[in-house]
Structure formats: C-alpha cells, structure tokens
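# Fold and geometry: a report
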Amino acid sequence: MERKNVIDIERVDAYRWRLKRHGAMRTDGLVFASAGMFESIRKEESLQQVANVACLPGIVGPSMAMPDIHWGYGFPIGGVAAFDMDEGIVSPGGVGYDINCGVRLMTSRLSRSELGDERIKDLVNTLFQNIPSGVGSSRKDLKLSPAELKKVLRDGAGWALSQGFGTPADLERIEEGGTIPWADPEKVSEKALERGRSQLGTLGSGNHFVEVGMVEEIFDTEVARVFGLFEGQVTVFVHTGSRGLGHQVCDDFIRLLLKSTKKYGIELPDKQLCCAPVESAEGRDYIAAMGAAANFAFANRQLITHWVRESFESFFGLSAERLGLSVLYDVCHNMAKIETHRFEGRERKLCVHRKGATRAFAAGLPQVPEIYRQVGQPVLIPGDMGRCSYVLVGTPGAMEETFGSTCHGAGRVLSRHQALKAAQGRSIARELESHGIYVRGATRATLDEEMPEAYKDVSDVVEVVHQAGISRKVARLKPLGVMKG
DNA sequence: ATGTAC
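Keep in mind it's a predicted model, so treat the numbers as computed, not measured.

Definitions and cut-offs
- Residues numbered from 1 in each chain as written.
- Chains lettered and ligands numbered in written order.
- Predicted model: local features only at pLDDT ≥ 70, side-chain atom pairs only at ≥ 80, totals over all residues.
- Heavy atoms only, no water.
- Pairing = 2+ DSSP bridges.
- Helix = DSSP H or I, 4+ residues; strand = E, 2+ residues; numbered from the N terminus.
- Axes fitted to C-alpha atoms, helices over the stretch in contact; angles between N-to-C directions.
- Phe/Tyr/Trp six-rings, centres within 6.5 Å; stacked < 30°, edge-to-face > 60°.
- Lys NZ or Arg CZ within 6 Å of the ring centre and 35° of its normal.
- Polar contact = N/O pair within 3.5 Å; in protein donor to acceptor, adjacent residues only side chain to side chain.
- Contact = heavy atoms within 4.5 Å.
- Salt bridge = Lys/Arg side-chain N within 4 Å of Asp/Glu carboxyl O.

### A word on the sheet that holds strand β1 (residues 9-13)
Within the open sheet, the seven strands sit side by side as β1-β2-β3-β4-β5-β13-β12. Their pairing is mixed. Edge positions in the sheet fall to β1 and β12 (334-343), since each has one partner strand and no second. The mean angle between the axes of side-by-side strands here comes to 25 degrees, regardless of whether they run parallel or antiparallel. Direction of pairing for β1 relative to strand β2 (residues 16-19): antiparallel, over a ladder of four bridges. Looking at β2, one finds that D13 is bridged to R16.

### Here we look at the packing of aromatic side chains
Evaluation of the coordinates by the stated rule reveals eleven aromatic pairs. A ring pair is formed by F219 and Y390, whose centres lie 6.2 Å apart and whose planes are at 15 degrees; its orientation type is stacked. Taken together, the residues F219 in the loop between β8 (209-218) and α8 (221-227) and Y390 in strand β16 (residues 389-393) connect sequence positions 171 residues apart. An aromatic cluster of at least three residues, connected via ring pairs, comprises F227, Y329 and Y372. Lying over the aromatic face of F361, R359 brings its terminal NZ or CZ to 4.5 Å of the ring centre. Taking NZ or CZ as reference, K473 lies 4.7 Å from the ring centre of F219, over its face.

### Things to note about the side chain of D84
In this fold, D84 is placed in strand β5 (residues 77-84). Of note is the side chain of D84, whose polar atom sits 2.9 Å from the backbone nitrogen of E87. Within the structure, D84 has its side chain in polar contact with the side chain of R348 (distance 2.7 Å). Ignoring anything within four residues of it in the chain, the contact list for D84 reads G58, V60, I89, V278, R348 and L350.

### Remarks on the pattern of salt bridges
Close approach of charged atoms allows side chains of opposite charge to pair. Per the counting criterion, the structure on display carries 38 salt bridges. Measuring nitrogen to oxygen at the nearest pair gives 3.5 Å for the salt bridge that ties R342 to E347. Here R412 makes a salt bridge to E450, at a shortest N to O gap of 2.9 Å. With R412 in the loop between β17 (405-406) and α13 (416-422) and E450 in the loop between α15 (444-449) and α16 (458-468), the pair connects residues that are 38 residues apart, well separated along the chain.

### Overview of the side chain of H353
For H353, the position within the fold is in strand β13 (residues 346-355). Reaching out from H353, the side chain makes a polar contact with the backbone nitrogen of S91 at a distance of 3.0 Å.

As structure tokens, then:
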C-alpha cells in the first residue's frame with residue numbers, strides 16, 4: 001500500500017503557509033499564497049515536492065515556493081532554495097530543463113493610438129516571418145561553426161553585440177549584463193552543441209512567445225518613470241530560453257548526477273532531486289555547463305530583440321530612433337547562482353536555485369544596473385496570452401526573506417493534456433480575437449495548450465508577492481498581439 | 001521546456 005506523507009501545515013499569515021519540518025526534512029517549507037490559492041495547492045503533488053527539497057543536504061532557510069507553484073521535475077516550478085557552499089548541493093532539477101528560460105521587456109516611443117487594430121495583425125505576421133518558431137525550429141542563415149558557438153556559450157549577449165546585434169545599453173539592462181562569467185563551453189557535450197548549433201535566434205515552443213502589448217496601468221509613478229514606462233506605451237515581451245542545447249545539458253547532467261548522488265552518499269526522497277555537492281568536480285562542471293547554456297539563452301533573446309527591431313522598422317517605416325525600442329530589462333526564470341546573502345545575521349555565500357522564480361534584488365545592490373539602482377531591480381512577470389502581465393520592482397523584503405526572489409508568471413492550473421481536452425471544439429484564436437487580442441501560433445495545439453484558462457490569473461499571483469512584500473507592483477501591461485512558438 | 005522516448 002502506498003502511503004503519502006501527511007504534511008503538517010500552519011498558516012503563518014494571509015500570504016504565508018509553513019510546512020513544518022518532519023521526517024527527513026532538514027528545514028521547513030514556506031509557500032507564498034492566498035487562502036484561496038492554497039486550497040488547491042494543498043492538494044497538489046507540488047507541495048510534496050517543496051517538502052522533498054527540504055530534505056536536501058546543506059539547505060539554508062526554508063524550502064520556498066512562490067504562488068505560481070506547480071509540479072515540475074523533482075523541484076516544483078516556482079521553487080526557491082539556497083544551499084551552503086560547503087555542505088550544500090547543486091541540482092539540475094532545481095534549475096529545470098530550459099536553463100535560463102527567461103523574459104525580456106522592450107519599451108518603445110510608440111503609443112497605442114499609433115497602432116491601429118488591423119495593423120497589429122500584420123505586425124504579428126511580420127514577426128512570424130522574421131523569427132523562426134516551433135519545436136525543432138532553426139535558422140538556416142545562422143548556422144554557427146563549432147568555434148563560433150563556443151564564443152556564444154562564453155560571451156552570451158556580449159557575443160550578439162560583437163556581431164552587430166544590439167547596443168551596449170542593451171547589455172546593461174540584462175541580468176548579469178547578459179554574460180555569465182563562470183560559464184565553460186568545454187563542459188557542454190558534443191550532443192548539446194550539435195543541438196544548439198542551428199537553433200540560436202529561434203523562439204521554440206510551448207509557453208515561449210513574442211508579445212506586442214501596451215502599458216495599461218501604472219501603480220508606482222516614481223519607479224515607472226525610472227523604468228521609462230508610461231500609460232498607453234507600446235511594449236514587446238520576448239520569452240524564450242536555451243532551446244535544445246539547454247535541454248541536452250540538463251539531460252546530460254541528470255544522468256551524471258544520478259551517479260554522484262550515490263557516490264557522495266546523499267539520501268533522496270525522489271531520484272529526480274539528483275545532485276552533487278556544490279564544490280565537487282561534478283557540481284562545478286554542472287554549474288559551468290549551466291552557465292554556458294544560460295549564455296546561449298541570453299544571446300538568443302538578444303538576437304530576437306534585433307529581429308523585433310528590424311521587423312518594427314520595416315513594418316512602420318520608422319527609424320530606430322523614432323521607434324525607440326529599448327530593453328527595459330531581461331530576467332532569468334530558471335537558474336542557480338552563487339550569491340552572497342545576509343542570513344541570520346551573517347553574510348553567507350550560497351548556491352541559490354530559482355526554478356520558475358525571478359531574482360528580485362532591492363535598491364542599492366551592485367547587481368542592480370546603475371540606472372535602476374536607486375529603485376531596485378525590474379522584475380518582469382508575464383501572464384497568459386489573454387489577460388495581462390506585470391512589471392514589479394525588487395524590495396528589501398525579498399532580500400530578508402527569499403534570498404532576493406519572487407514569482408515568475410501565472411503558473412499552470414491545467415496540464416497540457418487537460419488544456420488540449422478543454423479546448424476541443426473551440427477556437428482559442430477566435431475567442432481571444434473577440435477580446436481584441438490577435439494571436440498566431442506555430443501550431444493549433446500550441447494555442448490550445450496555452451489557453452488562458454490553463455493558467456492561474458497572474459493578477460492573483462502578483463497580488464500575493466506584492467502584499468507579502470517580496471516585490472512591488474509598478475505597472476500592468478495588456479497583450480495586443482501575440483506570436484506563440 | 002524538448003529532434004514531446006533512441
């Protein structure tokens with residue numbers, strides 16, 4: 001007979017739920033959610049995953065989950081966990097298959113009134129022509145030599161710049177400046193390199209997208225001003241990651257770390273949590289390869305930015321200066337990083353895993369670009385294609401409680417399979433068009449799987465992190481036209 | 001997320 005662990009849950013306050021340490025757990029679990037959201041979360045497998053992560057060696061602070069939590073490989077998506085450098089581990093399952101999946105937001109000098117309804121369709125179609133999308137998509141015009149690909153893996157968005165794609169101002173507005181310095185392309189397998197070679201500059205599939213939208217409401221005028229946001233402004237979101245290359249890196253290291261888990265005598269409640277000590281040879285190799293895959297993703301978003309700009313310029317017949325498509329910021333959603341945090345009164349160097357979670361550093365920190373340092377790091381939270389998205393800002397609350405982390409999106413409520421079923425006999429594209437949103441997907445199935453009702457309402461998710469003080473609302477954006485991979 | 005299992 002299979003028996004599930006009974007998790008002892010305590011409501012801390014309106015937005016926090018503690019999973020009390022028991023059994024093999026080395027620390028508590030902490031879930032950020034409203035009472036309404038927690039009703040469904042408490043029945044999910046993902047809650048057990050929060051408890052499982054708490055069993056890993058060297059965990060510092062609680063095993064955390066953001067309100068967009070849902071089931072993932074080993075670690076929950078929406079999970080945040082920090083580990084001690086000496087006693088702790090690094091785990092590919094704590095990062096996810098799409099290494100440095102992330103989003104970038106561009107702002108423009110265009111206002112909504114300059115973009116008629118009919119033109120949005122044509123604009124999305126133009127983007128579709130210029131940016132390859134879908135599973136296995138590739139760019140015939142950008143097949144890199146093995147040596148050039150290694151430069152991409154070493155320099156990230158910096159490589160894209162060296163090739164004429166973008167400006168120095170872009171780099172400044174990317175997490176880590178668009179280049180993970182500890183990346184080592186030599187730790188990436190031949191198979192991963194081969195998969196990535198023709199995929200740079202492609203969108204991919206699933207929840208990846210390019211979205212033309214507008215700023216609908218400003219909540220914080222001072223921060224919005226620093227971020228360059230104004231009501232009615234046309235914006236562009238780019239959501240993509242490291243494609244087949246990152247997927248292969250994850251696959252390779254799960255295979256390897258399954259062995260090192262045994263080698264280092266680590267006991268796991270779930271094999272999918274396979275890991276290695278942070279400072280072991282295997283752990284270091286994974287971190288170096290993950291960094292290389294992250295750089296591929298940074299370069300990918302930078303190239304797509306370039307083609308978005310080109311598409312806008314040709315479509316509107318306006319100059320780059322007039323369009324003013326500038327990068328507001330670019331965040332990682334799936335990463336593990338070595339960071340120094342103040343914890344229980346002392347500075348500690350930690351390996352912070354964010355899987356479907358966003359770094360949300362507060363004002364004053366050196367990692368926040370100088371242009372934003374007085375207010376804090378921009379936090380970009382895309383919602384589903386039918387509702388809205390948010391720009392938030394990092395807070396001291398996040399530094400104190402979540403190792404400078406917050407949510408990353410809406411979070412699924414329906415599995416892909418369930419969504420396909422729910423979409424039967426309907427046209428998701430037509431339903432969205434009746435709400436004034438033009439969507440075009442690589443396949444019909446993509447739109448069905450990504451239907452708005454497959455996701456939680458991102459406004460509910462954002463409200464939780466705002467009220468809990470681990471980031472603060474700056475603006476809400478509304479989608480106008482979406483290109484789905 | 002993903003040459004959606006080699």
